[in-house]
Amino acid sequence: MADDSPKERLVGVYSDDGASPWCVDCTCKMLTRRSYTAVRLTAEDILSGEWTRNFVGVVFPGGRDSPYHDKLQGPGNKLIRRFVERGGWYLGLCAGGYYGSARIKFCEGDPNMEIETSRELAFFPGSAVGPRYSGYKYVDNSGERIVSIIRPVSCRSPRDKEKRVYFNGGCYFSPVESKELKCSTTLWEYVGPSDTAPAVVGCCVGSGRAVLSGVHPEVGYADLDSSPHSDEVMSEMELHDSDRLKVLDDVFVFLENVTVDG
């Protein structure tokens with residue numbers, strides 16, 4: 001795992017059990033385009049703690065959250081949490097967004113897929129509830145779609161418009177009454193069909209920050225070539241490919257506003 005890149009540009013990307021290889025690749029490409037050096041980390045790497053001395057951030061990509069917990073519960077999650085509290089940042093995308101929340105409610109009522117449990121990182125003090133839209137399947141992309149999100153009214157300008165981004169099984173974020181809730185803010189929210197709900201949240205954690213996302217702003221039109229996708233998704237992504245870049249800009253403005261302890 002040795003890497004001599006400057007500390008301020010090193011970002012770990014979790015790529016062990018549960019992480020979708022396609023999502024890992026998309027995440028690494030996204031980080032590279034933003035002038036970071038992406039380093040793939042296994043659970044063993046996380047548990048070694050070496051990365052906490054040289055990295056500025058860590059990303060948990062799309063995939064399945066339960067295997068993340070199986071390998072990192074206890075010592076691994078404690079290292080990640082401490083890393084963020086001391087000034088690092090955490091970006092959770094889809095499965096990584098579920099993983100970074102205090103509770104998960106997934107596929108409620110489905111006897112084969114339902115998960116309702118707590119998680120240890122708890123950057124967001126509420127629940128990650130999903131999928132936000134129906135039709136998700138672990139085995140294929142039949143539940144994928146392009147969805148609309150917008151900045152919340154509290155920070156929306158008259159010129160702000162809805163953005164169309166890739167979605168596949170992600171959550172929305174349901175707050176709870178907590179004194180810690182004031183440390184969380186909604187960056188983007190889902191639009192309709194009947195209501196709005198937080199799609200991307202930012203959390204202040206000690207001296208560091210975390211962003212959890214139910215959507216996939218790391219996925220661009222060019223990334224769809226490496227995995228089978230519907231014609232509708234392909235055409236929508238081609239038309240709206242630049243939308244996700246504005247979402248990513250907001251994500252990284254929030255994450256990079258961090259003072260790292262010496």
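Peer 1: Would you take a moment to explain the overall build of the protein for this structure?
Peer 2: When helices and strands are tallied, the protein shows eight helices and 13 strands. For 262 residues, the compact-globule formula gives about 18 Å, and the C-alpha radius of gyration of the protein, at 17 Å, lands near that figure. The dimensions of the protein, computed from C-alpha atoms along their principal axes, are 45 × 45 × 40 Å. Scored against the burial criterion, the 262 residues of the protein give a buried share of 53%. By sequence separation, contacts in the protein at least 24 residues apart represent 72% of the contacts at least 6 residues apart.

Peer 1: For this particular structure, what's the right way to read the environment of Pro158?
Peer 2: Here Pro158 lies in the loop between β8 (145-150) and β9 (163-167). We classify Pro158 as exposed; its relative accessible area is 85%. For the pair Pro158 and Leu255, spaced 97 residues apart in sequence, the C-alpha to C-alpha distance is 25 Å.

Peer 1: Could you clarify how one ought to interpret the sheet that holds strand β5 (residues 101-106) in this entry?
Peer 2: Within a sheet, adjacent strands bond to each other through the backbone by hydrogen bonds, running parallel or antiparallel. The strand order across the open sheet formed by four strands is β6-β5-β7-β10, and the pairing between neighbours is mixed. The two strands at the open ends of the sheet, each matched to only one other strand, are β6 (115-118) and β10 (172-174). Taken pair by pair, the neighbouring strands of this sheet meet at an average axis angle of 25°, ignoring direction. One ladder, built from five bridges, connects β5 with strand β7 (residues 124-130); its direction is parallel.

Peer 1: Would you mind going over the pattern of salt bridges with me for this structure?
Peer 2: Applying the stated rule across the entire model yields twelve salt bridges. Between Asp16 and Lys71 there is a salt bridge; the shortest N-O distance is 3.1 Å. Placement of the pair is Asp16 in the loop between β1 (10-14) and α1 (21-33) and Lys71 in helix α4 (residues 65-72), with a sequence separation of 55 residues. Lys71 gets classed as partly exposed once you look at its relative accessible area, which sits at 37%. The network of salt bridges with common partners includes Asp16, Asp17 and Lys71.

Peer 1: Help me out: how do you make sense of helix α8 (residues 243-256) in this one?
Peer 2: In an α-helix, one turn spans 3.6 residues; hence positions three or four apart end up facing the same way. Taking 1.5 Å of rise per residue, 14 residues should cover 20 Å, and α8 covers 21 Å from first to last C-alpha, within 8% of that figure. Taken as a whole, α8 has its buried residues at Asp243, Arg244, Val247, Leu248, Asp250, Val251, Phe252, Phe254 and Leu255.

Peer 1: Before we go on, may I ask you to explain the packing of aromatic side chains in this structure?
Peer 2: When we look at a pair of aromatic rings, we describe it by the centre distance and by the angle of the planes. All told, the structure shown has 18 aromatic pairs when counted by the stated rule. Here Tyr14 and Phe60 contribute two aromatic rings whose centre-to-centre distance is 4.7 Å and whose plane-to-plane angle is 10°, an arrangement assigned as stacked. Taken together, the residues Tyr14 in strand β1 and Phe60 in strand β3 (residues 57-60) connect sequence positions 46 residues apart. Look at Tyr14 and you get buried, because its relative accessible area is 0%. Among the residues examined, Phe60 registers a relative accessible area of 0% and is labelled buried. With a centroid separation of 5.8 Å and 80° between ring planes, the pair formed by Tyr133 and Tyr190 is classed as edge-to-face. Here Tyr133 is found in the loop between β7 and β8, whereas its partner Tyr190 is found in strand β11 (residues 184-190), with 57 residues between them in sequence.

Peer 1: Even after reading the chapter, I still don't get the side chain of Glu218, so can you show me in this structure?
Peer 2: Considering the arrangement of structural elements, one finds Glu218 in the loop between β13 (208-213) and α7 (231-240). Although Glu218 lies buried, it forms no salt bridge, and the closest oppositely charged side chain, Arg244, sits 7.2 Å away as judged by the N-O distance. Only 2.6 Å separates the side chain of Glu218 from the side chain of His216, close enough to count as a polar contact. Contact partners of Glu218, with chain neighbours within four places excluded, come to Cys26, Thr27, Met30, Arg33, Leu93, Asp223, Arg244 and Leu248.

Peer 1: Can you walk me through the sheet that holds strand β2 (residues 37-41) in this structure?
Peer 2: Spatial ordering of the open sheet is given by β2-β1-β3-β4-β13-β12-β11-β8-β9, a layout of nine strands whose pairing is mixed. Every other strand in the sheet has two partners, leaving β2 and β9 as the edge strands with one partner each. Across the sheet, the mean angle from the axis of one strand to that of its neighbour is 25°, orientation sign disregarded. Of the strands in this sheet, β3, β4 (89-93), β12 (197-205) and β13 touch helix α5 (residues 75-85), which is tilted by about 125° from β4.

Reading the values: the criteria
- Residues numbered from 1 in each chain as written.
- Predicted model: local features only at pLDDT ≥ 70, side-chain atom pairs only at ≥ 80, totals over all residues.
- Heavy atoms only, no water.
- Helix = DSSP H or I, 4+ residues; strand = E, 2+ residues; numbered from the N terminus.
- Rg over C-alpha atoms; globule rule 2.2 N^0.38 Å.
- Buried < 20%, exposed > 50% of the residue type's maximum accessible area, 1.4 Å probe, protein only.
- Contact = heavy atoms within 4.5 Å.
- Pairing = 2+ DSSP bridges.
- Axes fitted to C-alpha atoms, helices over the stretch in contact; angles between N-to-C directions.
- Salt bridge = Lys/Arg side-chain N within 4 Å of Asp/Glu carboxyl O.
- Expected span 1.5 Å × (residues − 1).
- Phe/Tyr/Trp six-rings, centres within 6.5 Å; stacked < 30°, edge-to-face > 60°.
- Lys, Arg positive; Asp, Glu negative; His and termini not counted.
- Polar contact = N/O pair within 3.5 Å; in protein donor to acceptor, adjacent residues only side chain to side chain.

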